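# Reading the structure
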Amino acid sequence: GLMVIDVDRFREINQTLGHAAGDELLRQIAGRFSGSLCATDILGRLGGDVFAVLLPELADIRHTRAIARRIAETLISPLRADGQDVFATVCIGVALYPQDGKSPHELVSNARVALRQAKCEGRNSCVFYSMEMHSDIRDRLFLEIDLHNAILRNEFTLYYQPKANCADGRIIGAEALIRWRHPLRGLVPPDQFIPMLEDTGLIVQVGRWVLEAACQQARAWQEAGYDLPSISVNLSIRQLQSETLVRDVATVLAETGLNPACLDLEITESMLMQNAGMAIATLGALKELGLTISLDDFGTGYSSLAYLKRFPLDAVKVDRSFVQDITADSDDASITRAVITMAHNLKLKVVAEGVETSAQMNALRSLGCQLGQGYLWSPAVPAHDLLATIAG
Ligand code: C2E
Ligand code: MG
Ligand code: MG
């Protein structure tokens, strides 16, 4: 048997703690792994944060699983680097001789295929190779090629979804949501390609386009005399980490002539948690440009409420999952009430996401939430369709 083991999010660890600490962690991880193996097993490093274990004497699949579990469990107690505790997890891909490959090359390559699948399933996963994985990977590969072409062929487009005042239905802003007009697949929703844009780094380029197109559109609506107080644009983690973000935003604002106060940037909790110090600095610099910042999908991450006040935020968007059952589930109602109260105490606006029924809207209003977004008012629509709603 052959296991290929990749440390989750090692690049971030390296970026945050520095390369010396990263090297030290790799040494500690190697030590933990080797302590969990038998004398006949062979541990090696394939490069970077990727290790491999050759298991010449495997009894059966169950035995293999047990070994994989033992390897993963060596990382339960924290590692130490740079005076800090660091928690690491790994993904493992497994290929077995002879069914998964007859040559060493084929075995390693197929274990890597399984590893890739494990990575897709999230941190701390272990996956055994199977033949079907190749077609998944081929699909992904084609989609990735298409994605490069999409940029060249201008296949991206923006839809807009209004944000409304719950009390009178007045439109207080709109969120720009990217769509991909794929020549064969039709309109592709963002969750099917944003992760790939992030993996490949293309998100920085596409994100800049989104920002520019949305600001241009908002400016055009305002010039045409429509009252659209604010336009929201989603940022991805890669953009937040990009050194050029603040300059890019400033440039777009200057070039489109949009009043900075009319631009709202949406970020998620997990983006803040990944490198809080850097996020605070970047958000501060963005806010100095005069724009506003909203915390998207609030409630789905793990940030403590106390943490929130460290960030220069203007609004939180309560995640759709809390709004969905607000009329039926009293737990959701109390969480939502707590979030609204807390946000108001921190002088933040609260926007409820995914409001679909007037019953939900009424429940939200009774909890003190004044702003909402959702199918109740309108789904995300092409620019000219939103006009009907604003003009409405
Ligand atoms: P998000 O920013 O939380 O956007 C809200 C999503 O909820 C949108 O899905 C919207 O169409 C959907 N939605 C709105 N109201 C309702 C409702 O009443 N019921 C239901 N069931 N759904 C509703 P969409 O457009 O598929 O976007 C998904 C996610 O993709 C967004 O979540 C955002 O995280 C990401 N995304 C979209 N555009 C961009 C972009 O330009 N850049 C980046 N980085 N991410 C984007
Ligand atoms: Mg959003
Ligand atoms: Mg959201």
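Residues numbered from 1 in each chain as written. Chains lettered and ligands numbered in written order. Predicted model: local features only at pLDDT ≥ 70, side-chain atom pairs only at ≥ 80, totals over all residues. Heavy atoms only, no water.

### Description of the coordination of the magnesium ion (ligand 3)
Going by this rule: Distances define the donors: N, O and S atoms within 2.8 Å of the metal qualify, as do those within 3.2 Å of Na, K or Ca. Water is excluded, so some sites may look unfinished. The way it works is that DSSP assigns letters per residue, a run of H or I at least four long becomes a helix, a run of E at least two long becomes a strand, and they are numbered from the N terminus. Burial classes follow relative accessibility: with a 1.4 Å probe on protein chains only, a residue under 20% of its type's maximum area counts as buried, one over 50% as exposed, and anything between as partly exposed.
Those donors, Asp296 (OD), Asp297 (OD), Glu353 (OE) and Glu353 (OE), are the protein atoms that reach the magnesium ion (ligand 3), and they lie 1.9 to 2.8 Å from it. Here the donor residues for the magnesium ion (ligand 3) map to a single chain with the spacing D-D-x55-E. Taken as a pair, the magnesium ion (ligand 3) and the magnesium ion (ligand 2) lie 4.1 Å from each other and share Asp296 as a ligand. Of this pair, Asp297 sits in strand β13 (residues 292-298) while Glu353 sits in the loop between β15 (349-352) and α15 (358-366), and the two are 56 residues apart along the sequence. Given the relative accessible area of 12%, Glu353 is considered buried.

### Some remarks on a nonpolar patch on the surface
The cut-off we apply is this: To count toward a patch, a residue needs a relative accessible area above 30% and no salt bridge. Like charges then connect within 9 Å, nonpolar side chains (Val, Leu, Ile, Met, Phe, Trp, Tyr) within 5 Å. Using a 1.4 Å probe, accessible areas were evaluated by the Shrake-Rupley method; residue-level cover was limited to the displayed protein chains. Between Lys or Arg on one side and Asp or Glu on the other, a salt bridge is scored when a side-chain nitrogen of the former is within 4 Å of a carboxyl oxygen of the latter.
Among the surface-exposed residues, Leu141, Phe142 and Ile145 lie close enough to one another that they form a single nonpolar patch of about 290 Å² accessible area. Locating Ile145 in the fold gives a position in helix α5 (residues 133-152). A relative accessible area of 44% places Ile145 in the partly exposed class.

### What about the state of the cysteines?
Operational definition: For the purposes of this analysis, a disulfide is any pair of cysteine sulfur atoms at a distance within 2.5 Å.
This model, assessed by the stated rule, comprises 0 disulfides. For the unlinked cysteine Cys126, the closest cysteine sulfur is that of Cys91, found at 9.0 Å. With no disulfide of its own, Cys369 has Cys166 as its nearest cysteine by sulfur position, at a separation of 5.2 Å.

### Some remarks on the confidence of the model for the protein chain
What counts, and what does not: Per residue, pLDDT measures the predictor's confidence, with a range of 0 to 100.
Summary statistics for the protein chain give a mean pLDDT of 91 and a share of 98% for residues scoring 70 or more. When mean pLDDT is taken per element in the protein chain, strand β11 (residues 231-234) scores highest with 98 and helix α12 (residues 305-308) scores lowest with 70.

### Concerning the site of ligand 1
Threshold: A single heavy atom is enough: if one lies within 4 Å of a molecule or strand, its residue is considered near that molecule or strand. Distance and chemistry together define a polar contact, namely a pair of N or O atoms within 3.5 Å, with one atom able to donate a hydrogen and the other to accept it when in protein, and with adjacent residues in sequence counting only for side-chain atoms on both sides. In the scheme used here, Gly and all other residues not listed as nonpolar or charged are polar, with Ala, Val, Leu, Ile, Met, Phe, Trp, Tyr, Cys and Pro taken as nonpolar and Asp, Glu, Lys and Arg as charged.
Among the 21 residues in the neighbourhood of ligand 1, the closest are listed as Glu175, Arg179, Asp296, Glu356 and Tyr375. Between ligand 1 and the protein, one listed contact pairs an oxygen atom with a side-chain N or O atom of Arg179 at 2.8 Å. Taking Asp296, its side chain carries an N or O atom lying 2.8 Å from an oxygen atom of ligand 1. Here ligand 1, which alone exposes 800 Å², has 83% of that area covered by the protein. Contributions of two or more residues to the shell around ligand 1 are made by β9 (171-182) and β13. Here the element with the most residues in the shell around ligand 1 is β9; it accounts for 4 residues. Residues of the shell around ligand 1, tallied by class, amount to 8 nonpolar, 5 polar and 8 charged.

### Some details on the pairing of β13
What counts, and what does not: For two strands to be treated as a pair, DSSP must find no fewer than two bridges joining them.
Where burial is concerned, most of β13 is hidden: 5 out of the 7 residues are buried. Pairing geometry for strand β12 (residues 263-268) and β13, over 5 bridges, is parallel. Counterpart to Ile267 in the pairing with β13 is Leu295. As paired elements, β13 and strand β14 (residues 315-318) share 3 bridges and run parallel to each other. Within β14, the residue paired with Phe298 across the bridge is Val318.

### As for the packing of aromatic side chains
Test applied: Put simply, two rings from Phe, Tyr or Trp (the six-membered ring, in Trp's case) pair if the centres are within 6.5 Å, and we call them stacked under 30 degrees between planes, edge-to-face over 60, tilted for the rest.
In this structure the tally under the stated criterion is 5 aromatic pairs. Ring geometry for Phe33 against Phe51: centres 5.4 Å apart, planes inclined by 85 degrees, an arrangement best described as edge-to-face. Residue Phe33 is located in helix α2 (residues 19-35), and its partner Phe51 is located in strand β3 (residues 50-54); the two are separated by 18 residues in the primary sequence. Of the residues examined, Phe33 reaches a relative accessible area of 1% and is grouped as buried. Among the residues examined, Phe51 registers a relative accessible area of 3% and is labelled buried.

### Focus on the pattern of salt bridges
Inspection of the entire model under this criterion finds 14 salt bridges. Here Lys119 and Asp6 are joined by a salt bridge, their closest N and O atoms 2.7 Å apart. You can see Lys119 sitting in helix α4 (residues 104-121) and its partner Asp6 sitting in strand β1 (residues 2-7), a full 113 residues away along the chain. As a salt-bridge pair, Asp248 and Arg208 come within 2.8 Å of each other at their nearest N and O atoms. With Asp248 in helix α9 (residues 245-256) and Arg208 in helix α7 (residues 203-223), the pair connects residues that are 40 residues apart, well separated along the chain. We classify Asp248 as buried; its relative accessible area is 16%. The partly exposed category is assigned to Arg208, whose relative accessible area is 35%. Where salt bridges share partners, they join Lys163, Glu175, Asp264, Glu266 and Lys317 into one cluster.

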